[in-house]
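Here is how the chains run, residue by residue.
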Amino acid sequence: MQLLYLSSLILLLLQPPNPCESKRLVGPISRGPSGRIKGGQEAEIGFAPYQVSLQPIVGSHNCGGAILNEQWIITAGHCVENYIPALVNVITGTNKWAEPGAVYYTESIHMHCMYDQPYMHNDIALVKLTQNITFNELTQPIALPTRPVHSGDEIVLTGWGAEEAYGSSVENLQKLTLGFVPFEECYDIFNQTSSMGVGHICTFSREGEGSCHGDSGGPLVSNGSLVGVVNWGRPCGVGFPDVQANVYYYLDWIRSKISGNSLCYY
Ligand SMILES: *[C@@H]1O[C@H](CO)[C@@H](O)[C@H](O)[C@H]1NC(C)=O
Ligand SMILES: *[C@@H]1O[C@H](CO)[C@@H](O)[C@H](O)[C@H]1NC(C)=O
Ligand SMILES: *[C@@H]1O[C@H](CO)[C@@H](O)[C@H](O)[C@H]1NC(C)=O
């Protein structure tokens, strides 16, 4: 299983070695790059106006994210871990990550204070922008959920992730409709891995479809609200569910951060 982001190379060039990184790479669940949805379809223009691309250098897609309001973006923790704000450029208002509708810059990065504790848990982060986002037809916030996801809910994933494991991100935003996999079922499929917990939800459609490298941090939306943030999976679309941050579970943490509280809620 792997995290699904793209810029490990850039991180290696810019950051001192992280003593934990090698453990992660050789562990049963390793961290890989992020990319395009496998088995998805091209999204219509304006299909997911909440979708953003996080770019360490403008012109290189690393991760997805979603707009919560004028000032705040939500993404996965592993997408911004060890990043300085100057390396988190937020591209909005476009189906083509290389053709920004607008570029916003990051004032501060707010990792969940229990990120990766235990391993692979609490993989969620908020990014505060230096300037308010201007909303328009192609740029809109996504609502937070008012109830947990249920079996039978239709969930839509969007992203620029690779079509094949370790592939590069695709030019046009892709979409894929997924179903919710109940926790116990997913937990059993992953042989009761300690990398899964109440802060996760699982999604699945069929073999040949799923999130892939470059989709990390991106949105899973059901009935107009953000229910998940892409976390990890067995790349890509090889018949296992994908594991996502459970946004409903993190509502208190999200609201408290956005209102300026520095306490650790989880
Ligand atoms: C930015 O948006 C926030 C709401 O998220 C609002 O309170 C604030 O007044 C806005 N700032 C400017 C400069 O428009
Ligand atoms: C769970 O264990 C079974 C039997 O060892 C194995 O075939 C399967 O691939 C494992 N599942 C995962 C997700 O690793
Ligand atoms: C979808 O959201 C609307 C409000 O936006 C709500 O009235 C409706 O009950 C929701 N449908 C489901 C299936 O949750």
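Starting from 1, residues in each chain are numbered consecutively following that chain's sequence as written. Think of it this way: whatever chain is written first is A, whatever ligand is written first is 1, and the rest follow in order. Local features are withheld for residues below a pLDDT of 70 in this predicted model, meaning they are given only at 70 or higher, and side-chain atom pairs are given and counted only at 80 or more; totals for whole chains, interfaces and linings count all residues. In computing side-chain properties, one takes all heavy atoms of the structure into account and sets aside hydrogens as well as water.

Asker: It is not clear to me how the overall build of the protein chain should be interpreted in this structure. Could you clarify?
Answerer: Secondary structure elements follow DSSP: runs of H or I of four or more residues count as helices, runs of E of two or more count as strands, with numbering from the N terminus. Counting its secondary structure elements, the protein chain contains five helices and 16 strands. For the protein chain, with 266 residues in total, the buried portion stands at 56%. We call two residues in contact whenever any of their non-hydrogen atoms come within 4.5 Å of each other. The contacts of the protein chain with a sequence gap of at least 6 include a subset with a gap of at least 24, amounting to 73%. Using a 1.4 Å probe, the Shrake-Rupley method yields the accessible areas, and only the shown protein chains count as cover for residues. Carbon and sulfur atoms make up 52% of the accessible area of the protein chain, which amounts to about 10,900 Å² in all. Only protein chains enter the accessibility calculation, which uses a 1.4 Å probe; a residue is then buried when its area is under 20% of its type maximum, exposed when over 50%, and partly exposed in between.

Asker: Before we go on, may I ask you to explain the pattern of salt bridges in this structure?
Answerer: Think of it this way: side chains of opposite charge can pair up when their charged atoms draw near. Each salt bridge in this description consists of a side-chain nitrogen of Lys or Arg and a carboxyl oxygen of Asp or Glu lying within 4 Å of one another. Taken as a whole and judged by the stated rule, the model has six salt bridges. Between E164 and K38 there is a salt bridge; the shortest N-O distance is 3.1 Å. Pair noted here: E164 is in the loop between β11 (154-159) and β12 (174-181) and K38 is in the loop between β2 (30-32) and β3 (41-42), with a separation of 126 residues, a long-range link. Classification of E164 by relative accessible area gives partly exposed; the value is 48%. Residues K128 and E107 are paired through a salt bridge, measuring 3.7 Å at the closest nitrogen-oxygen approach. Of this pair, K128 sits in strand β10 (residues 125-129) while E107 sits in strand β9 (residues 106-111), and the two are 21 residues apart along the sequence. On the basis of relative accessibility, which here comes to 22%, the residue K128 falls in the partly exposed class.

Asker: What's the story with the site of ligand 2 in this structure? I'm lost.
Answerer: Around ligand 2, the neighbouring residues are I189, F190, N191, R234 and F240. A 3.5 Å cut-off defines polar contacts: any pair of N or O atoms within that distance qualifies, except that in protein one atom must be a possible hydrogen donor and the other a possible acceptor, and neighbouring residues in sequence count only when both atoms are side-chain atoms. At a separation of 3.5 Å, a nitrogen atom of ligand 2 approaches a polar backbone atom of I189. Here an oxygen atom of ligand 2 sits 2.3 Å away from a polar atom, N or O, in the side chain of N191. Coverage of ligand 2 by the protein amounts to 45% of the 360 Å² it exposes when considered alone. Residues that form the shell around ligand 2 fall into these classes: three nonpolar, one polar and one charged. Note on definitions. A residue lies near a molecule or strand when any single heavy atom of the residue is within 4 Å of it. Residue polarity follows a fixed list, in which Ala, Val, Leu, Ile, Met, Phe, Trp, Tyr, Cys and Pro are nonpolar, Asp, Glu, Lys and Arg are charged, and the others, Gly among them, are polar.

Asker: Looking at this structure, how should I read the sheet that holds strand β7 (residues 89-92)?
Answerer: Backbone-to-backbone hydrogen bonds pair the strands of a sheet. The strands run either parallel or antiparallel. Between any two strands, at least two bridges found by DSSP are needed for them to pair. Ordered in space as β8-β7-β4-β5-β6-β10-β9, the seven strands form an open sheet in which the pairing is antiparallel. Every interior strand has two partners, whereas the edge strands, β8 (102-104) and β9, have only one. Averaged over all pairs of adjacent strands, the angle between their axes in this sheet comes to 30°, without regard to strand direction. Every axis in this analysis is a line fitted to C-alpha atoms, fitted for helices over the stretch in contact. Angles between the N-to-C directions lie between 0 and 180 degrees.

Asker: What should I look at first to understand the nonpolar core in this one?
Answerer: Note that soluble globular proteins tend to have their nonpolar side chains buried in a common cluster. Buried residues of nine kinds, namely Ala, Val, Leu, Ile, Met, Phe, Trp, Tyr and Cys, make up a nonpolar core once their side-chain atoms join them within 4.5 Å. Core analysis: the largest hydrophobic core is formed by 48 residues, its most contacted members being L54, L68, I73, I74, V90, L226 and I254. Put simply, the parts of the chain that give this core at least two residues each are β4 (51-55), β5 (63-67), β6 (72-75), α3 (77-80), β10, β15 (225-233), β16 (242-246) and α5 (251-258). Looking at which element gives the most residues to this core, the answer is β10, with four residues. The residues touching I74, leaving out its near neighbours within four places in the chain, are G65, A66, L68, I124, A125, L126, G217, L226, V229 and I254. Of all hydrophobic cores here, the second largest spans twelve residues; its members include I37, L178, F180 and V230.

Asker: What am I meant to see in unusual backbone geometry here?
Answerer: Keep in mind that most residues, glycine aside, have a negative phi and that most peptide bonds are trans. The amide bond that connects Q117 to the next residue, P118, takes the cis arrangement and shows omega of -10°. You can see P118 is positioned in the loop between β9 and β10. Cis peptide bonds are those with omega within 30 degrees of zero, and the linkage from P235 to C236 qualifies with -20°. Among the structural elements, C236 can be located in the loop between β15 and β16. With phi around 65°, Y166 is a residue other than glycine that occupies positive phi space. In this structure, N223 takes a positive phi of about 45° despite not being glycine. When you line up the elements, N223 lands in the loop between β14 (219-222) and β15.

Asker: Explain the side chain of K257 to me, please; I cannot follow it from the model alone.
Answerer: Structurally, the position occupied by K257 is in helix α5. Buried charge K257 goes without a salt bridge, the closest partner of opposite sign being E107 at 13 Å. Those residues within four positions of K257 in sequence are excluded, and the remaining contacts are W72, H110, L126, S262 and L263. The charge count treats Lys and Arg as positive and Asp and Glu as negative. His and the chain ends do not count.

Asker: Explain the state of the cysteines to me, please; I cannot follow it from the model alone.
Answerer: Between two cysteines, a covalent bond joining their sulfur atoms is known as a disulfide. We call a pair of cysteine sulfur atoms a disulfide whenever their separation is within 2.5 Å. For the coordinates displayed, the defined rule picks out three disulfides. Disulfide pairing places C63 opposite C79 at an S-S distance of 2.1 Å. As the torsion about the S-S bond is roughly -80°, the C63-C79 disulfide counts as left-handed. Placement of the pair is C63 in strand β5 and C79 in helix α3, with a sequence separation of 16 residues. C79 sits in the buried class, given a relative accessible area of 2%. Between the sulfur atoms of C186 and its disulfide mate C202 the distance is 2.0 Å. Between C186 and C202, the S-S dihedral sits near -80°, and the bridge is therefore left-handed. Taken together, the residues C186 in helix α4 (residues 183-189) and C202 in strand β13 (residues 200-204) connect sequence positions 16 residues apart. Of the two residues, C186 and C202, neither departs from the other in class, the shared state being buried.

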